[in-house]
Structure formats: structure tokens, C-alpha cells
Amino acid sequence: MSFVTESPVWRPFTQHALQPGAFKIARAEGAWLESEDDRRFLDAISSWWVITHGHRHPAIMRAIREETERLDQIIFAGFTHEPAEALARRLVALTPPGLDYVFYSDSGSTCVEVAIKMALGFWRNRGDSRTRIVALEHGYHGDTIGTMSVGARSPFNAPYEPLLYAVSRIPFPTRGREQETLDALERACGERPAAFLVEPLILGAGGMLVYGVDTLKEMRRICAHHNVLFIADEVMTGFGRTGTLFACQQADVIPDIACYAKGLTGGALPLAVTMCKREIFEAHLSPERARAFFHSSSYTANPIACAAGLANLDVWATGEPAARVAALCDMQAKRLARFADDSRFSNVRRLGTIAALDLNLAQAGYLATVALDLMRFFNERGLLLRPLGPTIYVLPPYCVEDAELGLVYEAIGEAADRFGGG
Ligand SMILES: *Cc1c(COP(=O)(O)O)cnc(C)c1O
């Protein structure tokens, strides 16, 4: 059976009353998922943005198998192991200069929580109790209570609102109105917050909203000027998604703290890191135990996940992913061009390998269910796409072929015929 309906599994971000079933996937390879009865789906969103090179990259799979011959989970306080040590050294060399320390965890949400805790610990240990976080409107940083707090408030987190802490929110830098964002950041920084937390160049779950390199640069400058820590959430943007290995590189921005997760193992296993500057680590050095950084996950620096991370960096070192990313950027630009002047779409946009466009709906009544309707429409055509409301985005693994991408854009055109209005 390939469509599961009777199941004790409670799935993420799923209204079971409207989506009682799920496709049961038995095999994955490259850009494709395959069900038990041989239905195939082109994974055009990289299985929720984690798969970079393609499913089951051979070198990463091999590294995982080999590491299982040596280690499983090892306590990471007082003990360490070569996969974690080697991966940390490699990451320090690869990421923007100055990010000299690596704290391991296991998900995007957790590595952002760690970043926020590092920032607050930094100020407290320096005798300056700054606790407020500044964040961008429409931002998304995870689904834990702490990361929901810094993320955009929406119907998705309304039930938890009483538990969410207050943050200073500045407007998203819409094209032509960037100065309003910068002015708001300047004002917020004047109130001595602990840190500014931001997704560099593109807000993912907020709707694939793109903003410019100059704005990112300016935001970084303002934070430095006011001595406010700058935290880059590169959980989605990291590992090639925006065309460069990391989005911050495009703006020559060096964050004080950076969060990486989704593509760190090529998407094979859960692993995340929070990297920080020396002064943040050193602010936690003291003869007093109370000044230590109190955080741990049970699976901190899992050796098998670290081995997958190392194999992923070896794959990047071949130069092949960078070439594939460059080719994918061109393919996306070319495919997207056909919709640039199509009145059924607005905000046709691309950042690196990510393409997005907003469908203008034929009937206002579609709005409530459009994301689900579109998802089903694409699923029936053998495509895994998961629109954010009326925003359709294409975020494929880097192995995708131009002809495969053609199938995706063909279906987007058909979806516009069905649901779109000019
Ligand atoms: C996905 C995402 C997260 C959360 O990552 P999880 O691994 O799902 O917890 C945080 N920040 C950004 C920018 C993300 O895209």
C-alpha cells in the first residue's frame, strides 16, 4: 500500500481532518522519491529544504556505514571523538573568518535557541544584563517556544502566544523601502538589545521573501556600530542554496554568531551547529561554574552524523556541488523567465537555486485552502511541491536535471490555468 490512512502517526504541520493520509515512500534516490507501488515524486523542495546534492549521495551513505563500525552516541562532556573534532576544524576554516568556536546540536530550532542563549550569556557574564532580541517581520527560526517567540506571529503559533516572549520587531525590507527597516533597526539598537537575529538575504517560511545584499551589509554595520550581537540564521540558506556556500558571503558579512543545520550532512542525518566569535566563548570562561554555557542535547555531536557532515564537506571540496549550484541557478532563471510577465503571477523572484512566485487567485474563496489544493494538484502530477499559501516555490536538490525542472514549471503553468486569475 502506498497511501497510508489508518496510522497512529501524528504528522507535522498537518490538519489530519483535511489530510487524513500520506504517501508511503519506500525508496529515494537523487531527486526522486518512490512509493511501494512504484509511484514516483520529483522532490522539488528537497524534502523540506534539507537535501542538498540529492537523496542518498553515495559518499555520504558510505561514510555513515563506515562510522557505524566504530562509534554510536558518545557523551560529549569530558569526552570527544575524531568526527566531531575534525568537522569543527573544517567548519571553522570554511565559514566566515572569526567564527572560531563550534557548538553542536541536532536541529535548526535548537541551534537558534543555542545562539540566543549564547548572546544572553555573553552579556550577563559581562555584567550587562541585556536580554531583548531584535528580529525581522515575517521571520522564521523554528517551532520551539523560544524560536516561535522570535519568529513571526501567525495562526500557527496563536495557541502558544501567552508563553512567547516579547521581541523588538522591525519591518521586512521591501524593495524601495529598505531605509524604513534600517531606521527601525537603528532605533531598536538604541535600546541596548542583546542581539539582532536574521535570516540572511531570504526569509524562507515567511514566504521566500528576498532582500538585497546592500541591506544585509547595512544591517550588519548598524549592529556593529551599536555593539549589538548579529546572529545569522543560515539554517535554510547554508550549503549552497543561495548560490554561494553561505548567504552572508555575498554581502561580506561576518556574523558574531551563525546557525547552520539543514544542509550540514547533505540532508542525510540531523545535525546542527552554532558557531561564534572568540569573545563570546571567552565571556563564558571563569573560575565560577555558574558562568559556563549550560546547554546540551542528548545526541550532541553524534559521531555518525558528524561523519556524514565530514563526508558532505569532502563532497563540497571536489568543486562539483559549486558547479552544479551555478548550473541550477541558470536553469531556474531560464525556466522562471516564462512567468516574468504572466499576469497570473506576481513577485516572480529568484535567489540562487531558489525560485518563487505568487499565484494571483481567480477566486478569493481559494485563499483558505489554496496551499492544500495546489499541493494535491502537484502530487497528482508526480511532483512534491508544498506552496506557502499562494506562494509557489521551487527549491530542488542540486542534482536535478533541466528536463526534470521542466516538468515542475509545466505543472506550475497548469496550476495557473486551473487556479490563477490575471
Ligand atoms: C527550518 C528552519 C529552522 C528550524 O529548523 P528545524 O531543523 O526544523 O528545527 C530555523 N531557521 C530557519 C531559517 C529555517 O528555515
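Residues numbered from 1 in each chain as written. Predicted model: local features only at pLDDT ≥ 70, side-chain atom pairs only at ≥ 80, totals over all residues. Heavy atoms only, no water.

As a further point, take the pairing of strand β7 (residues 133-136). Regular strands have side chains that alternate between both faces of the sheet. Burial along β7 is two-sided: the residues I133 and A135 and V134 and L136 are all buried. Here β7 runs beside strand β9 (residues 195-198); their pairing, made up of 3 bridges, is parallel. In the sheet register, I133 faces β9, and the bridge partner there is A195. Handedness of the crossover is the feature at issue here: the chain leaves β7, passes through helix α5 (residues 145-150), returns alongside strand β8 (residues 168-170), and the resulting connection is right-handed. (Buried < 20%, exposed > 50% of the residue type's maximum accessible area, 1.4 Å probe, protein only. Helix = DSSP H or I, 4+ residues; strand = E, 2+ residues; numbered from the N terminus. Pairing = 2+ DSSP bridges. Right-handed = clockwise from strand over helix to strand, strands pointing away.)

Attention now goes to the side chain of D128. Here D128 lies in the loop between α4 (108-125) and β7. A polar atom in the side chain of D128 sits 2.9 Å from the side chain of R192. Apart from the residues within four sequence positions on either side, D128 is in contact with W123 and R192. (Polar contact = N/O pair within 3.5 Å; in protein donor to acceptor, adjacent residues only side chain to side chain. Contact = heavy atoms within 4.5 Å.)

Here we come to the packing of helix α6 (residues 178-190) against helix α7 (residues 213-225). Contact geometry for α6 and α7: axes closest at 10 Å, N-to-C directions at 15 degrees. Comparing their axes, α7 and α6 come out roughly parallel. Classified by chirality, the crossing of α7 by α6 is right-handed. Across the interface between the two elements, E178, T181, L182, L185, E186 and C189 of α6 pack against T215, E218, M219, I222, C223 and H225 of α7. (Axes fitted to C-alpha atoms, helices over the stretch in contact; angles between N-to-C directions. Parallel < 35°, antiparallel > 145°, perpendicular 65-115°, else oblique. Left-handed = near helix turned anticlockwise from the far one by under 90°.)

Further remarks concern the site of the ligand. In the vicinity of the ligand, the contacting residues are W49, S107, G108, S109, Y140, H141, G142, E199, D233, V235, M236 and K262. The separation between an oxygen atom of the ligand and a polar main-chain atom of G108 is 2.7 Å. In the environment of the ligand, an oxygen atom lies 2.6 Å from a nitrogen or oxygen atom belonging to the side chain of S109. Protein contact buries 82% of the 380 Å² of open area that the ligand shows by itself. For the shell around the ligand, the residue count by class is 4 nonpolar, 5 polar and 3 charged. (Near = heavy atom within 4 Å. Areas by Shrake-Rupley, 256 points an atom, 1.4 Å probe, with all protein chains shown as cover. Nonpolar A, V, L, I, M, F, W, Y, C, P; charged D, E, K, R; others polar.)

Attention now moves to the side chain of Q19. Considering the arrangement of structural elements, one finds Q19 in the loop between β1 (3-4) and β2 (22-23). The buried category is assigned to Q19, whose relative accessible area is 13%. Apart from residues no more than four positions distant in its own chain, Q19 is found in contact with R11, F13, T14, L372, M375 and R376.

All right, on to helix α12 (residues 402-419) then. Between its terminal C-alpha atoms α12 stretches 26 Å, which fits the 26 Å expected from 18 residues at 1.5 Å a residue. Turning to α12, its buried residues are E404, L405, G406, V408, Y409, A411, I412, G413, A415, A416 and F419. (Expected span 1.5 Å × (residues − 1).)

Let's shift gears to the domain arrangement of the protein. Per the domain assignment, the segments making up the protein are domain 1 (3-56 + 319-419) and domain 2 (60-317). Relative to domain 2, the C-alpha centre of domain 1 lies at a distance of 26 Å. Taken together, the 27 residues of domain 1 in the interface contact 26 residues of domain 2. Both faces combined, the contact of domain 1 with domain 2 buries some 2200 Å², and carbon together with sulfur accounts for 67% of it. Along the contact surface separating domain 1 from domain 2 lie 14 residue pairs in polar contact (both at pLDDT 80 or more). For the side of domain 1 that touches domain 2, the elements supplying multiple residues, two or more each, are α1 (46-49), α10 (320-336), β15 (345-351), β16 (354-359) and β18 (391-394). Top element by residues in the side of domain 1 that touches domain 2 is α10. It accounts for 4 residues. (Domains from an automatic or database assignment. Buried area = accessible area lost by both parts, 1.4 Å probe.)

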